[in-house]
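Working through the structure, step by step
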Amino acid sequence: MKTLTIGDLTLGEGLPKICVPLTGENMDALLEEVRQVKQLPCQLVEWRADYMLDAREKTGIQEKIEEVKQALGRLRTELDMPMIFTIRTAAEGGQAKLTKADYYRLNQEIARSKIADFIDLQAFEKPGAVDEEQVRDLIKLAHENGTRVLLSNHDFEATPELEELLTRFFVMQELGPDLMKLAVMPKTEDDVFNLLEVASLMRDQYGQIPFIAISMGELGAGTRICGGEFGSVITFAAGSEASAPGQLSAEALSEYLIQYYEKGKTERE
């Protein structure tokens, strides 16, 4: 399986790495979350900047850009671990109500700032629709500035058929990111099994870059633990708040991972 190294952290090696989201709407709330995160068993953080942007909905785009850059810089001085910068739009379960132009402009400015380790960029405008030129241009800009791109797709309504899940991975991979993520909502156990089967196909046959595969909600919660066995390199856990359905606390998830991979391996041997 492909690996990706950021500083001292290698994704795709050892246990899946735990990422905790920061969801504060202002700097004071974010710094309180940072204080808590420092006590948690996690290896990455994701700043969900859409929560702050939602609270600043009435401010202009340039003011938003400056506030976000300032906040991101402060977070980087407070946390000594890789950071994913994410603006999750309402269309994919997030808080940000931005025009397409403002969404890309904000991400472009963060790429140019060279502050974040990763920018999470949503791959699809809607199912089956990709602005290929704009996505490729942003990925190119990020790479020119030493920033990696996590290309993602979230479906909070359902789990597409197996072939469609594979197609989404193929499309994202072909666009040239460093890491890709597919998170879907299951309605049946078969949906969960299909997501894991697709992950194993990417791991064994089709994957050219590391990936994250998550089945959300209570029904899919187990994939946050066992996903690494099927190739998923990051699993997300709740800090002060969950940022997606089915997230376990970081403490509980860390213990489950140890039991599943390390103790389970010993028992199987």
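Residues numbered from 1 in each chain as written. Predicted model: local features only at pLDDT ≥ 70, side-chain atom pairs only at ≥ 80, totals over all residues. Heavy atoms only, no water.

1. Some words on the nonpolar core
Applicable threshold: Only buried residues count toward a nonpolar core. Its members are Ala, Val, Leu, Ile, Met, Phe, Trp, Tyr and Cys residues joined through side-chain atoms within 4.5 Å. The classification of residues rests on relative accessible area computed with a 1.4 Å probe and restricted to protein chains. Under 20% of the type maximum is buried, over 50% is exposed, and intermediate values are partly exposed. The helix and strand labels rest on DSSP assignments: H or I over at least four residues marks a helix, E over at least two residues marks a strand, and numbering proceeds from the N terminus. Contacts between residues were defined by any pair of non-hydrogen atoms, one from each residue, lying within 4.5 Å.
By size, the foremost hydrophobic cluster in this structure holds 68 residues, and its most contacted members are Val 37, Trp 47, Phe 85 and Phe 169. With 7 residues, the top contributor of residues to this core is helix H7 (residues 189-206). What Val 37 contacts, discounting residues up to four positions off in sequence, is Val 20, Leu 22, Cys 42, Val 45, Leu 79 and Met 81. One finds Leu 4, Cys 19, Ile 212 and Ile 214 within the second-largest nonpolar core, a separate group that totals 18 residues.

2. With respect to the sheet that holds strand E8 (residues 179-184)
For clarity, the threshold we go by: A pair of strands counts as paired when DSSP detects no fewer than two bridges linking them. Axis angles are defined between N-to-C directions and span 0 to 180 degrees, where every axis is a line fitted to C-alpha atoms and, for a helix, only to the segment in contact.
Across the sheet, 8 strands lie side by side as E9-E8-E7-E6-E5-E4-E3-E10; this open sheet has parallel pairing. Looking along the sheet, the strands with just one partner apiece sit at the ends: strand E9 (211-215) and strand E10 (234-236). Strand after strand, the sheet turns through a mean of 25 degrees between neighbouring axes, direction not considered. The pairing of strand E3 (residues 17-22) with E10 spans 3 bridges and is parallel. Bridge pairing in E10 places Ile 18 opposite Thr 235. Sheet strands in contact with helix H1 (residues 27-37) are E3 and strand E4 (44-48), and its direction is about 155 degrees off that of E3. Strands strand E5 (83-86) and strand E6 (118-122) of the sheet are contacted by helix H4 (residues 100-113), whose axis makes an angle of about 165 degrees with E6.

3. Focus: the packing of H1 against helix H3 (residues 61-78)
Working note: a packed helix pair is described by the angle between its axes plus the distance between those axes. Just so we agree on the cut-off: Every angle not falling under 35 degrees, over 145, or within 65 to 115 is termed oblique; those three ranges are roughly parallel, roughly antiparallel and roughly perpendicular. For a crossing to be left-handed, the near helix must be turned anticlockwise from the far one by less than a right angle; the clockwise case is right-handed.
Between H1 and H3, the shortest axis-to-axis distance is 11 Å and the interhelical angle comes to 20 degrees. By the angle between their directions, the pair H1 and H3 is classed as roughly parallel. Viewed along their axes, H1 and H3 form a crossing whose handedness is right-handed. Judged by residue contacts, Met 27, Leu 30, Leu 31 and Val 34 of H1 engage Ala 71, Arg 74, Leu 75 and Glu 78 from H3.

4. Structural notes on the packing of aromatic side chains
The cut-off we apply is this: Each aromatic pair joins two rings of Phe, Tyr and Trp (for Trp, the six-membered one) with centres within 6.5 Å, and gets the label stacked for planes under 30 degrees apart, edge-to-face for over 60, and tilted for any other angle. Counting as a charge over the ring demands two things of the Lys NZ or Arg CZ atom: a distance within 6 Å of the ring centre and an angle within 35 degrees of the ring normal.
If you walk through the whole model with that rule in mind, you get 5 aromatic pairs. Where Phe 170 meets Tyr 206, the ring centres are 5.2 Å apart and the plane angle is 75 degrees; that geometry is what we call edge-to-face. With Phe 170 in helix H6 (residues 162-174) and Tyr 206 in helix H7, the pair connects residues that are 36 residues apart, well separated along the chain. Of note, Lys 181 hangs over the ring of Phe 236, and the distance from its end group to the ring centre comes to 4.1 Å.

5. So, the state of the cysteines
Going by this rule: Cysteine sulfur atoms that come within 2.5 Å of each other are treated as a disulfide pair.
Per the stated rule, a full pass over the model turns up 0 disulfides. Considering cysteine sulfurs only, Cys 19 is the nearest to Cys 42, which forms no disulfide, with 7.6 Å between them. The exposure class assigned to Cys 42 is buried, which follows from its relative accessible area of 11%.

6. Concerning H4
Counted only if it meets this: Under the convention used throughout, the expected extent of a helix is 1.5 Å for every residue step, that is, one less than its residue count. Here the arc refers to the set of directions running from the helix axis out to each C-beta atom.
With 14 residues, H4 should reach 20 Å at 1.5 Å per residue; the first-to-last C-alpha distance of 20 Å fits that figure. Those residues of H4 that fall on the buried side of the exposure criterion are Tyr 103, Tyr 104, Leu 106, Asn 107, Ile 110 and Ala 111. Projected down its long axis, H4 carries its buried residues within an arc of 160 degrees, all on one side. Of the surrounding secondary structure, the elements contacted by the buried residues of H4 are helix H2 (50-55), H3, E5, E6 and helix H5 (132-144). Backbone geometry just after H4 places Lys 114 at a positive phi near 60 degrees.

Honestly, that's just the spatial picture; any functional story needs more than this.
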